[in-house]
Each structure stands twice: as structure tokens, then as C-alpha cells.
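Architecture at a glance
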Amino acid sequence: MKKFGKKYVEASKLVEANKQYTLSEAVDLVKKTSVTKFDSSVEIAVKLNIDTKKADQQMRGSIVLPNGNGKTKKVLVLAKGAAAEAAKAAGADYVGEQDMIDKIAKENWFDYDVIVATPEMMPALGKIGRVLGPRGLMPNPKTGTVTTTPDKAVLDVKKGMVEYRADQYGNVNLSVGKVSFTEDKLIENIKFVINTLVKAKPASVKGKYIKNISLSTTMGPGIHVDQNSIDM
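Note that the coordinates shown come from a computational prediction; the quantities given were computed from them, not determined experimentally.

1. A few points about the overall build of the chain
When you go through the chain residue by residue, the secondary structure sums to eight helices and nine strands. For 232 residues, the compact-globule formula gives about 17 Å, and the C-alpha radius of gyration of the chain, at 19 Å, lands near that figure. By residue count, 44% of the 232 residues in the chain fall in the buried class. For the chain, contacts bridging at least 24 residues in sequence account for 71% of all contacts bridging at least 6. Of the roughly 12400 Å² of accessible surface on the chain, 50% is carried by carbon and sulfur atoms. For the chain, the separation between the mean place of its 36 positive charges and that of its 26 negative charges on side chains is 5 Å.

2. Let's talk about the pairing of strand β3 (residues 75-78)
Residues of β3 alternate between two faces, with Val 75 and Val 77 on one and Leu 76 and Leu 78 on the opposite face, all of them buried. Direction of pairing for β3 relative to strand β5 (residues 114-117): parallel, over a ladder of four bridges. Looking across to β5, one finds that Val 77 is bridged to Val 116. Sheet topology places β3 next to strand β4 (residues 94-96); three bridges connect them, and they run parallel. Note on β4: the bridge partner recorded for Leu 78 is Gly 96.

3. A closer look at the sheet that holds strand β1 (residues 41-48)
Here four strands make up an open sheet; going across it, the order is β7-β1-β8-β9 and the pairing antiparallel. Looking along the sheet, the strands with just one partner apiece sit at the ends: β7 (171-178) and β9 (223-224). As judged from the seven bridges shared by β1 and strand β8 (residues 210-217), these two strands associate in the antiparallel manner. Considered in β8, the bridge of Leu 48 is made with Ile 210. Seen against the sheet, helix α2 (residues 23-32) touches β1, β8 and β9 and runs at an angle of roughly 30 degrees to β8.

4. A word on the packing of aromatic side chains
In total, this model carries three aromatic pairs according to the counting rule given. Between Tyr 94 and Trp 109, the aromatic rings sit 5.0 Å apart at their centres with planes inclined by 85 degrees, giving edge-to-face as the arrangement. Here the residue Tyr 94 occupies a position in strand β4, and Trp 109 occupies one in the loop between α4 (98-107) and β5, the gap between them amounting to 15 residues. Relative to Tyr 112, the ring of Phe 110 has its centre 6.3 Å away and its plane inclined at 55 degrees; by these criteria the two rings are tilted. Among the aromatic residues, those joined into a cluster by ring pairs are Tyr 94, Trp 109, Phe 110 and Tyr 112.

5. Examining the pattern of salt bridges
Across all of its chains, the model carries seven salt bridges by this definition. Notably, a salt bridge pairs Lys 32 with Asp 28, separated by 3.1 Å at the nearest N-O pair. With Lys 32 and Asp 28 both in helix α2, this residue pair falls four residues apart, about one helical turn.

Parameters at a glance
- Residues numbered from 1 in each chain as written.
- Predicted model: local features only at pLDDT ≥ 70, side-chain atom pairs only at ≥ 80, totals over all residues.
- Heavy atoms only, no water.
- Helix = DSSP H or I, 4+ residues; strand = E, 2+ residues; numbered from the N terminus.
- Rg over C-alpha atoms; globule rule 2.2 N^0.38 Å.
- Buried < 20%, exposed > 50% of the residue type's maximum accessible area, 1.4 Å probe, protein only.
- Contact = heavy atoms within 4.5 Å.
- Areas by Shrake-Rupley, 256 points an atom, 1.4 Å probe, with all protein chains shown as cover.
- Lys, Arg positive; Asp, Glu negative; His and termini not counted.
- Charge placed at Lys NZ, Arg CZ, Asp CG, Glu CD.
- Pairing = 2+ DSSP bridges.
- Axes fitted to C-alpha atoms, helices over the stretch in contact; angles between N-to-C directions.
- Phe/Tyr/Trp six-rings, centres within 6.5 Å; stacked < 30°, edge-to-face > 60°.
- Salt bridge = Lys/Arg side-chain N within 4 Å of Asp/Glu carboxyl O.

This is a description of form; function is not addressed.
What follows is the structure, encoded as C-alpha cells:
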């Protein structure tokens, strides 16, 4: 049986297990139930009524949060010519082409959080897909990281772009900010995430689409959110 720390147990006492809180109440609680000494991330978990075994119900994409998520990401851009220069100007941390791919392959180099690549670089990058894939670093058109305008992708990542992907059970989990964020900023980010998922609802889904929404902090207790308190 899993044992929880004293701080977690105390924080859990503030949350009624079977209660669904309004979004405003949930955000207030999630800030109060942070159990870490550092500025914890605030995470959202959304349970969707989808079957990810069906091709048209595989949920994957990226979101540029209105207020970012409080995390600074290093970006590697693989591009040539004018696209590479534009990426440098946009603030990419590393820019290169085959030289960077070779560095990853030979040196096991992973001093970055996101890789953005132009389509022409993908065949060469695909050769080390077995190295990047398990780490979640392989660029993908669905997340906006394979693009002819890598400079825009860099700006989006720096603004707070986060990728999302439903797991085999239809759960989408992502960071929507930090405990230090104001309640208004957290609420705005959360509403943006929910509405993005609603807009991406597969046409073949029948019945209730969003089954459950919960918030938590790093190592903190989960707080269920009443969907009726969110404009969707």
C-alpha cells in the first residue's frame, strides 16, 4: 500500500474526495494544497470519451497557453539557409543541420527540450528516430514542430507552447502553470485547454465527450472540477 507524506496527508484534508468544485474553487484549493518547497507546477488531467485505437480518435497536438506555463524550454532547430537564420533571430538556443544530427547520434546529446525541424531535414532525422522517439523528442507536424517556418515555432515554444497527447485510456495530462501564478492566469489557461480539446472533438465520438477534469500540483492531491462551471 502506497504511503503518503505528512504534508500530502494534511493537504488532502482540505479536499472532499467525492466533491466536484467550481473552477474558481478548484484553483484556489490547488494553490492551498501545494506540498513542495519549490514553485510547483499545476497540472490538469482530462478524461475523454475516446477510443485511441481508432485512427480518427487519436488526440495529439500543441497549445500556446495565453499565460505560458512557467517553464523555460531550450529549442534545437534543424534547418538550412534562410529558415535557419530566421530561427536564430527568433531566439532558438541551437541551430544546425546534419552536424547537429550527427552530434545527437555520436555524443548522445540532449541539452534541449524541443526539436523543431523543416520538412527537408526529416529524412536525415528519421535515421535516429529510435533515439529521439522514446524521449518524446521526435518532431511531428501535428504538434507544429515540423514546419517550413521554424522561427514561428520557436516563438510559440518560448511563449509557452505545450504538447498534449491522449494515452491509451483517453487521458490528457499537461501543465497549465505554476502555483505562483495568479488565480486569473491559471483559470484563463485552464479554460483555453478545455476549449481547445472541445474544438478538437472527433466527429465519430458519441455521448458525453469530457468525462472528468481534475487539477493537482506536483505531488499534491487531485481536485475534481465541475464541468458546468466552465464555459465550453
